[in-house]
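What follows is each chain in one-letter form.
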Amino acid sequence: MAAAAPSGAASAELVIGWCIFGLLLLAILAFCWIYVRKYQSQRESEVVSTITAIFSLAIALITSALLPVDIFLVSYMKNQNGTFKDWANANVSRQIEDTVLYGYYTLYSVILFCVFFWIPFVYFYYEEKDDDDTSKCTQIKTAFKYTLGFAVICALLLLVGAFVPLNVPNNKNSTEWEKVKFLFEELGSSHGLAALSFSISSLTLIGMLAAITYTAYGMSALPLNLIKGTRSAAYERLENTEDIEEVEQHIQTIKSKSKDGRPLPSRDKRALKQFEERLRTLRKRERHLEFIENSWWTKFCGALRPLKIIWGIFFILVALLFVISLFLSNLDKALHSAGIDSGFIIFGANLSNPLNMLLPVLQTVFPLDYILITIIIMYFIFTSMAGIRNIGIWFFWVRLYKIRRGRTRPQALLFLCMILLLIVLHTSYMIYSLAPQYVMYGSQNYLIESNITYDDHKNNSALPVPKRCDADAPEDQCTVTRTYLFLHKFWFFSAAYYFGNWAFLGVFLIGLIVSCCKGKKSVIEGVDEDDSDISDDEPSVYSV
């Protein structure tokens, strides 16, 4: 018997869902283009690095946008009473699951290509381009040589993920050949899911470290900076003028020692050179301050000051909501999970958190959960960007690049998008940590037998009643999202994410204390002695 087709209203809802997803893709591309163009250097803009940065960031955001689609489809196949819809037979359900799975295969494969091939090649190409004596052929060869190292790492991750069996042979006395044969059978049965999942989980683990470093600090720095605002340009200009006069007096004092023709001692020569460099920096600051003080953008930002305070208060409240939800979710895992060997999986929600309760409710009113997931992802992007701008890009104790609006070099832009790509990958697990049941099953219910006693007949009757799907639900009654399969294919990654969440909470609290103790930012923050990305004749009005 042929499966029934979805009803007219249901089909319309499905079409609307895919239309919203299409509009979301266009919005993601527009956002990435504006975002990259906003930060790239106007003097060192390169077409290839710009396209690479836009494309890689867009792929990461599109992958995150697939999360609510995955959750919507598994929820859409069931009624609220716990029964499957007429058209959702085993074949249709399998087709829907495979479609989402192939979508993840494609997007995650593109992400691996960006991280291990495209971005490294473009980065090293422009690193070699800084040398004027290097030909294009030499640039390409050198970039390709360094990119091969990343390709080897990618191949190793895929091989390890493919040949790490998730099950162990039952027969402990099996021969070496039987063990090897078992590994190949495991590889064939997984259809490459384990290999891709291991590679993506490895990148997500790096994204977790980036989120702990940048996002956790940005969640406190961004709202407090909006609330506190920046220092007055007029007041900073007055202070800068006083500093210029003081430095000029020191220079005149040192130069007066050589008026009679006597050479200056080496100590005075070093001091004179330092004061002259300091004077150049102060005069550069003077030009920037004068430009910003008289610009229309400064006046416009001053008019928006009350709105910035409101946004700052809103962002700090959202940050507290996330932190409380993440703390309760991690505490629930610590108290009620199956242990570290299972990746701290929990059967049901023993300690409810606000987001875990809110998302399933919003899913009943389409497409409110789409909107909330989009807001969460964009919030992580903006807070991560705030953390990167405040901290900069470092390699241990060596500062590699600064991120400045309109003054970011092509190499720094590629680093920036690489970090944001990894953070967005980790966002999917962060959302799972905040709302585990929602990410696993959406709003699915399943039927359980419940004994009901009737007073008139004094007997018991077993009636099926709907119950929310959780990890303890039967496999044939609740469909797990493909996102969850990718996130939890290997238990040791889940365990690492669990401990990473505690580190995230700790860094947030430290960042909150540091941000509260810091004063207002300079209106031209970044114009200092070691700021080589700033041109003397290119003051940026957007730094206020």
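Residues numbered from 1 in each chain as written. Predicted model: local features only at pLDDT ≥ 70, side-chain atom pairs only at ≥ 80, totals over all residues. Heavy atoms only, no water.

Before going further, it helps to spend a moment on the overall build of the chain. Assigned secondary structure in the chain consists of 16 helices and four strands. The proportion of buried residues among the 544 residues of the chain is 47%. Excluding contacts between residues fewer than 6 apart, the proportion of contacts in the chain whose partners are at least 24 apart in sequence is 78%. (Helix = DSSP H or I, 4+ residues; strand = E, 2+ residues; numbered from the N terminus. Buried < 20%, exposed > 50% of the residue type's maximum accessible area, 1.4 Å probe, protein only. Contact = heavy atoms within 4.5 Å.)

For any two helices packed against each other, the geometry is given by the interaxial angle and the distance between the axes. Between helix H10 (residues 305-336) and helix H13 (residues 410-434), whose axes approach to 8 Å, the crossing angle comes to 70°. When the axis of H10 is compared with that of H13, the two are roughly perpendicular. Counted together, Phe322, Ser325, Leu326, Ser329 and Lys333 of H10 and Tyr429, Met430, Tyr432, Ser433 and Leu434 of H13 form the full contact between these two elements. Of the residues assigned to the contact of H10 with H13, the class counts are six nonpolar, three polar and one charged. (Axes fitted to C-alpha atoms, helices over the stretch in contact; angles between N-to-C directions. Parallel < 35°, antiparallel > 145°, perpendicular 65-115°, else oblique. Nonpolar A, V, L, I, M, F, W, Y, C, P; charged D, E, K, R; others polar.)

What follows is about a nonpolar patch on the surface. On the surface, a nonpolar cluster with roughly 410 Å² of combined accessible area is contributed by Ile309, Ile313, Leu317, Leu320 and Ile324. Within the fold, Leu317 resides in helix H10. The class of Leu317 is exposed, set by a relative accessible area of 53%. (Patch = residues over 30% accessible without salt bridge, like charges linked within 9 Å, V, L, I, M, F, W, Y side chains within 5 Å. Areas by Shrake-Rupley, 256 points an atom, 1.4 Å probe, with all protein chains shown as cover. Salt bridge = Lys/Arg side-chain N within 4 Å of Asp/Glu carboxyl O.)

Further remarks concern the environment of Phe415. Positionally, Phe415 belongs in helix H13. Considering only alpha carbons, one finds Phe415 and Ile393, 22 residues apart in sequence, at a separation of 8.0 Å. When neighbours within four sequence positions are excluded, Phe415 is seen to be in contact with Tyr123, Ile393, Leu400 and Tyr401.

Ranked by internal contacts, the top residues of the largest apolar core, which has 121 residues, are Leu61, Ile111, Leu203, Met219, Phe322 and Ile388. Listed in part, the eight residues of the second largest apolar core include Ile254, Leu264, Leu279 and Leu282. (Core = buried A, V, L, I, M, F, W, Y, C linked by side-chain atoms within 4.5 Å.)

Taken as a whole and assessed by the stated rule, the structure comprises 28 aromatic pairs. A centroid spacing of 5.3 Å and a plane angle of 45° characterise the contact between Phe55 and Trp118, whose relative ring orientation is tilted. Separated by 63 residues along the polypeptide, Phe55 in helix H2 (residues 47-76) and Trp118 in helix H3 (residues 90-129) bring together distant segments of the chain. An angle of 25° between the planes, with centres 6.5 Å apart, marks the rings of Phe493 and Tyr497 as stacked. Here the residue Phe493 and the residue Tyr497 both occupy positions in helix H16 (residues 491-517), the gap between them amounting to four residues, near one helical turn. Each member of the pair Phe493 and Tyr497 is classed as buried. Three or more aromatic residues joined by ring pairs make a cluster, and in this case those are Phe198, Tyr429, Tyr432, Tyr484, Phe492, Phe493 and Tyr497. Against the face of Tyr146 rests Lys145, its NZ or CZ located 5.4 Å from the ring centre. (Phe/Tyr/Trp six-rings, centres within 6.5 Å; stacked < 30°, edge-to-face > 60°. Lys NZ or Arg CZ within 6 Å of the ring centre and 35° of its normal.)

All right, on to the environment of Leu107 then. Along the polypeptide, Leu107 turns up in helix H3. For the pair Leu107 and Ile62, spaced 45 residues apart in sequence, the C-alpha separation works out to 8.1 Å. In this structure, Leu107 is in contact with Ile59, Ile62, Thr63 and Leu66, ignoring residues within four places of it in sequence.

With 80% of its residues at a pLDDT of at least 70, the chain reaches an overall mean of 76. Helix H5 (residues 176-190) is the least confidently modelled element of the chain, averaging 47 in pLDDT, while H16 averages 88, the highest of any element. Note on residues 1-5: pLDDT is under 50 here. Beyond four places in sequence and across chains, it has five contacts. Long-range and interchain partners of residues 179-184, a stretch whose pLDDT sits below 50, account for eight contacts in this model, where long-range means more than four residues apart. (pLDDT = per-residue confidence, 0-100.)

If you check H16, its first and last C-alpha atoms are 40 Å apart, about what 27 residues at 1.5 Å a residue would give, namely 39 Å. Listed in full, the buried residues belonging to H16 are Phe493, Ser494, Ala495, Tyr497, Tyr498, Gly500, Asn501, Phe504, Leu505, Phe508, Gly511 and Ser515. (Expected span 1.5 Å × (residues − 1).)

Consecutive side chains along a regular strand alternate between the two faces of the sheet. Summarising the sheet, strand E1 (residues 393-395) and strand E2 (residues 398-401) pair through three bridges and their orientation is antiparallel. Each residue of the ladder has a partner; that of Trp394, found in E2, is Arg399. Here E1 folds back onto E2 in antiparallel fashion, the turn holding two residues, of which Phe396 has a positive phi close to 55°. (Pairing = 2+ DSSP bridges.)

Let us look at a negative patch on the surface. A cluster of acidic residues, Glu242, Asp243, Glu245 and Glu246, forms a negative patch on the protein surface. Along the polypeptide, Glu246 turns up in helix H7 (residues 233-256). A relative accessible area of 44% means that Glu246 is categorised as partly exposed. (Lys, Arg positive; Asp, Glu negative; His and termini not counted. Charge placed at Lys NZ, Arg CZ, Asp CG, Glu CD.)

Below, the discussion takes up the state of the cysteines. Scanning the model with the defined rule gives zero disulfides in all. For Cys516, which is in no disulfide, the shortest distance to another cysteine sulfur is to Cys517 and amounts to 6.7 Å. Classification of Cys516 by relative accessible area gives exposed; the value is 51%. (Disulfide = S-S within 2.5 Å.)

By secondary structure assignment, the location of Glu286 is in helix H8 (residues 266-293). Setting aside residues no more than four positions away along its own chain, Glu286 makes contact with Arg237, Asn240, Thr241 and Ile244.

So, about the packing of helix H9 (residues 296-303) against H10. Running from N to C, H9 and H10 cross one another at 55°; their axes reach a closest spacing of 4 Å. Judged by the inter-axis angle, H9 sits oblique to H10. Here Cys301, Gly302 and Ala303 of H9 come into contact with H10, specifically with Arg305, Pro306 and Lys308. In terms of residue class, the contact of H9 with H10 is built from three nonpolar, one polar and two charged.

One can find Ile96 in helix H3. Overall, Ile96 belongs to the buried group, its relative accessible area being 18%. When the C-alpha positions of Ile96 and Leu73 are compared, they lie 7.5 Å apart, and in sequence the two are 23 residues distant.

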